[in-house]
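Chain by chain, the residues run as shown.
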Amino acid sequence: MQWRNTSVRYGLVSVVLHWLVALVVFGLFALGFWMVGLSYYDPWRQSAPDLHKSIGILLFAVMLLRLLWRLCSPAPAALASHGRLTRLASKLGHGVLYLGLFGVMISGYLISTADGRGIEVFGLFSVPATLTGIPQQEDIAGAIHEYLAWGLVIFAVLHCLAALKHHFIDRDSTLLRMFGR
C-alpha cells in the first residue's frame, strides 16, 4: 500500500487518520457520556475529564495534521458510477463532519478554559487559556459541546450507513477504498 492517495484510492496515511479519528470520536463520546453521570465522590470525577480533555487536544492536533495531509495528498476522484447528487452529498457530508469535529473540539476548549486556566495534556504540556471572560462561557460552550457531540456521532453513524449502502446495495468500491483497496 502506498503512503499517498492516488486518483483511485486512499493511501495509508489517509486510511490510518480516518479510522483513528473515528475511533477517538466514538471513544470520547462514550467517555463524555459516562463521566457526566459520575457522582461527586466517584474516584474518576477528576481523572475522567482530564483524560477527556487530553485526548481531545491530541485529536485537535491530529485533525490539523489530517487537513494538512488532505492539502498535500488530495482525496481520490469520485467513482464514475456516482451521480451528481451523490458527489454533492459526499462533499457536504464530509464538510459537516469536519465542521462538527472542529466545533465540538473548540467548544470543549472553551468549557475547559472558561476559568482562565490552561489545559494540561497528560502532564506533558499545557495549552493556555486564550479566550476567557465571555459571559456564561462555560455554560454556553457546554450546551454547544453537548449538542454538537450528539450531532457528530449521529452524523458519523449516517456516514457509516452510507458507506455500507455503497458496499452492499450499490456494490461499488467506496468502502473498500477507505481500507486502502
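All figures in this text were calculated on a predicted structure; none of them were measured in a lab. (Residues numbered from 1 in each chain as written. Predicted model: local features only at pLDDT ≥ 70, side-chain atom pairs only at ≥ 80, totals over all residues. Heavy atoms only, no water.)

1. Let's talk about the packing of helix H3 (residues 84–112) against helix H4 (residues 137–168)
What counts is decided by this rule: Only the stretch in contact is used when a helix axis is fitted, and all axes are lines through C-alpha atoms; the angle between N-to-C directions ranges over 0 to 180 degrees. Each helix is a run of H or I in the DSSP string that is no shorter than four residues. Each strand is a run of E no shorter than two, and both are numbered from the N terminus. When an angle is under 35 degrees it counts as roughly parallel; over 145 it counts as roughly antiparallel; between 65 and 115 it counts as roughly perpendicular; any other value is oblique. Left-handed describes a crossing whose near helix is turned anticlockwise from the far helix by less than a right angle; the clockwise case is right-handed. Put simply, Ala, Val, Leu, Ile, Met, Phe, Trp, Tyr, Cys and Pro go in the nonpolar bin, Asp, Glu, Lys and Arg in the charged bin, and everything else, Gly too, in the polar bin.
Following both chains from N to C, one finds H3 and H4 inclined at 150°, their axes separated by 8 Å at the closest point. Judged on the interaxial angle alone, H4 and H3 are roughly antiparallel. Seen along the crossing, H3 lies across H4 with a hand that is left-handed. Looking at the contact of H3 with H4, its residues break down into 13 nonpolar, 12 polar and 1 charged.

2. Examining the pattern of salt bridges
Note the threshold: Only one rule defines a salt bridge in this text: a Lys or Arg side-chain nitrogen within 4 Å of an Asp or Glu carboxyl oxygen. Each residue's exposure class comes from its accessible area (1.4 Å probe, protein chains only) as a fraction of the maximum for that residue type: buried when under 20%, exposed when over 50%, partly exposed otherwise.
All told, the structure shown has 2 salt bridges when counted by the stated rule. Salt-bridge contacts for arginine 117 lead to aspartate 115; the nearest nitrogen and oxygen are separated by 2.5 Å. You can call arginine 117 exposed: its relative accessible area is 59%. According to the relative accessible area criterion, aspartate 115 is partly exposed, its value standing at 45%.

3. What to know about helix H2 (residues 44–72)
The test is simple: Each residue after the first adds 1.5 Å to the expected span of a helix. Here a residue-residue contact requires only that any non-hydrogen atoms of the pair lie within 4.5 Å.
With 29 residues, H2 should cover 42 Å at 1.5 Å per step; its first-to-last C-alpha distance of 41 Å lies within 8% of that length. All of the buried residues in H2 are Ala48, His52, Ser54, Gly56, Ile57, Leu59, Met63, Arg66 and Trp69. Buried residues along H2 sit against helix H1 (12–35), H3, strand S1 (119–121), strand S2 (125–127) and H4.

4. Details of the packing of H2 against H3
Their axes nearest at 10 Å, the elements H2 and H3 cross at an angle of 145°. Where H2 crosses over H3, the handedness of that crossing is left-handed. For the pair H2 and H3, the contacting residues are Lys53, Gly56, Leu59, Phe60, Met63, Leu64, Arg66, Leu67 and Arg70 in the first and Tyr98, Leu101, Phe102, Met105 and Ser112 in the second. Split into classes, the residues belonging to the contact of H2 with H3 amount to 9 nonpolar, 2 polar and 3 charged.

5. Quick word on unusual backbone geometry
For phenylalanine 122, which is not glycine, the phi dihedral falls at a positive 50°. Tracing the backbone through its elements, the reader meets phenylalanine 122 in the loop between S1 and S2. The phi dihedral of arginine 171 falls on the positive side, at around 55°, and the residue is not glycine. Tracing the backbone through its elements, the reader meets arginine 171 in the loop between H4 and helix H5 (174–177). In this structure arginine 171 comes out as exposed when scored by relative accessible area, which is 68%.

6. Some points on the nonpolar core
Grouped burial of nonpolar side chains is what soluble globular proteins tend to show. The cut-off we apply is this: Among buried residues, the Ala, Val, Leu, Ile, Met, Phe, Trp, Tyr and Cys ones that are joined through side-chain atoms within 4.5 Å form a nonpolar core.
If you look at the biggest cluster of nonpolar residues, it comprises 16 residues, and the most contacted ones within it are Val21, Val25, Leu59, Met63, Leu101, Met105 and Leu152. Only H1, H2, H3 and H4 provide two or more residues apiece to this core. The residues touching valine 21, leaving out its near neighbours within four places in the chain, are Leu59, Val62, Met63, Arg66 and Leu101.

7. Focus on the packing of aromatic side chains
Note the threshold: The aromatic pairing rule takes the rings of Phe, Tyr and Trp, using the six-membered ring of Trp, and pairs them if the centres are within 6.5 Å, calling planes under 30 degrees apart stacked, those over 60 edge-to-face and the rest tilted.
Counted under the stated rule, the structure contains 7 aromatic pairs. On the basis of an interplanar angle of 20° and a centroid distance of 5.0 Å, the ring pair of tryptophan 19 and phenylalanine 179 is categorised as stacked. Within this pair, whereas tryptophan 19 is found in helix H1, its partner phenylalanine 179 is found in the segment after H5, the two being separated by 160 residues in sequence. Owing to a relative accessible area of 41%, phenylalanine 179 belongs among the partly exposed residues under this scheme. Summarising the aromatic geometry, the rings of phenylalanine 60 and phenylalanine 102 are spaced 5.6 Å apart at their centres and angled 90° between planes, so their arrangement reads as edge-to-face.

8. Re the UniProt feature "domain: Cytochrome b561 bacterial/Ni-hydrogenase" (unreviewed entry) in the protein
The criterion, for reference: UniProt positions are given in the numbering used here, feature names are shortened, and annotations may be inferred rather than shown by experiment.
Those residues carrying the UniProt feature "domain: Cytochrome b561 bacterial/Ni-hydrogenase" (unreviewed entry) are residues 9–180 in this numbering. Along residues 9–180 the backbone is 69% helical and 3% strand, and the end-to-end C-alpha distance reaches 6 Å.

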